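# Report on the structure
So you can see what is in the structure, the chains are spelled out below.
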There are 2 protein chains.
Amino acid sequence: MVTTSEAEALEKHPELADLCPMPDIAKLIGGKWKLIILQILIFKGTKRFNELRRMIPGVTQTMLTNQLRALEADGLVTRKIYAEVPPKVEYTATQRALDLEEMFHAMHNWWMRADG
Amino acid sequence: MVTTSEAEALEKHPELADLCPMPDIAKLIGGKWKLIILQILIFKGTKRFNELRRMIPGVTQTMLTNQLRALEADGLVTRKIYAEVPPKVEYTATQRALDLEEMFHAMHNWWMRADG
DNA sequence: GCATATAGTATCAAAAAAGATACTGTAACC
DNA sequence: GGTTACAGTATCTTTTTTGATACTATATGC
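Report on the accompanying structure. These numbers come from a predicted model, not from an experiment. (Residues numbered from 1 in each chain as written. Chains lettered and ligands numbered in written order. Predicted model: local features only at pLDDT ≥ 70, side-chain atom pairs only at ≥ 80, totals over all residues. Heavy atoms only, no water.)

### Section: the relation of the copies chain B and chain A
The line we're drawing: Least squares is the method used to superpose the copies, on C-alpha atoms of residues holding a pLDDT of at least 70 in both. By definition, residues are in contact when any of their heavy atoms lie within 4.5 Å.
Least-squares fitting of chain B to chain A yields an RMSD of 0.0 Å, with the superposition described by an axial translation of 0.0 Å and a rotation of 180 degrees. Seen this way, the second copy is the image of the first under a two-fold rotation axis. The rotation axis passes nearest to the C-alpha of Met103 of chain B in chain B, at a distance of 2.7 Å. Comparing contact sets, 98% of the residues at the interface of chain B also lie at the interface in chain A, consistent with an isologous, same-surface contact.

### A look at the sheet that holds strand 2 (residues 77–82) of chain B
All names here are of chain B. To be explicit about the condition: Two strands are counted as paired when DSSP detects at least two bridges linking them. Note on conventions: DSSP H or I runs of at least 4 residues are helices, E runs of at least 2 residues are strands, and numbering of each starts at the N terminus. For helices, the axis comes from a line fit to the C-alpha atoms of the stretch in contact; other axes are also lines fit to C-alpha atoms, and the angle between any two N-to-C directions lies between 0 and 180 degrees.
With antiparallel pairing, three strands are arranged side by side in an open sheet as 1-3-2. The strands lining the two open edges of the sheet, one partner per strand, are strand 1 (47–48) and strand 2. The pairing of strand 1 with strand 3 (residues 88–93) spans two bridges and is antiparallel. Across the sheet, residue Arg48 finds its bridge partner in strand 3, namely Glu90. Running over the sheet, helix 5 (residues 61–73) touches strand 2 and strand 3 and is turned about 115 degrees from strand 2.

All we've got here are geometric facts, nothing functional implied.
Next comes the structure, spelled out in structure tokens:
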């Protein structure tokens, strides 16, 4: 299959240079669960693991752990472990995640508009 | 696996009601290619099929067709066929897609910020 | 003494998404 | 008369993502 490389695309279409890289953004906030998790942590504040689990319909323990770990690795979420039994772990949106508020508002407006 | 249903989540956490449904939004603009396609059609205007193909690094003909068809079905893109040989087909962002501009700007700002 | 809640991990299986490949028809160009 | 460009379709395979299941440890309540 003949596909275009990044370099070719930019050479032939220099005007593409001012578009931001969607694949990179998708790596951070793409997938089935990340936007839901971020939305809750950003707008509803810090949550515990099982709290999130109960707030997100259909998410499994495995996926929630995976996604939270990925978000943590990308600096969008912090994880605070309390030395208690039974365990207590809190997840909080970082400033970088809070900066996504504008995007979430835009999405919300777009969804609510529902005219087009 | 015990997961929460939509109804349970809302009953236990009524404050979730004001969050917009990310899964529904993801159906429209999620996946590997849709955001790139929309970004180009919204900010760079109408494009022909092979033009898009050359502008999007790594996309295959198959995927580009699929995604454009899905976007068309969801009312985000219109398809105009010219009765010429060789074939000429133009893709244009609808108003509903143009309304996503705000979201793209927010993403762009977020990406450019790159501090947190 | 048994069940429950907590926050996980490890392993395996299924489903969804993406990709490769081969094919179509016709006009223009060399 | 062979090659290229155009905009696809059909089929199959691979890869990625997501999900299911069983398991861990320990304090508290009944």
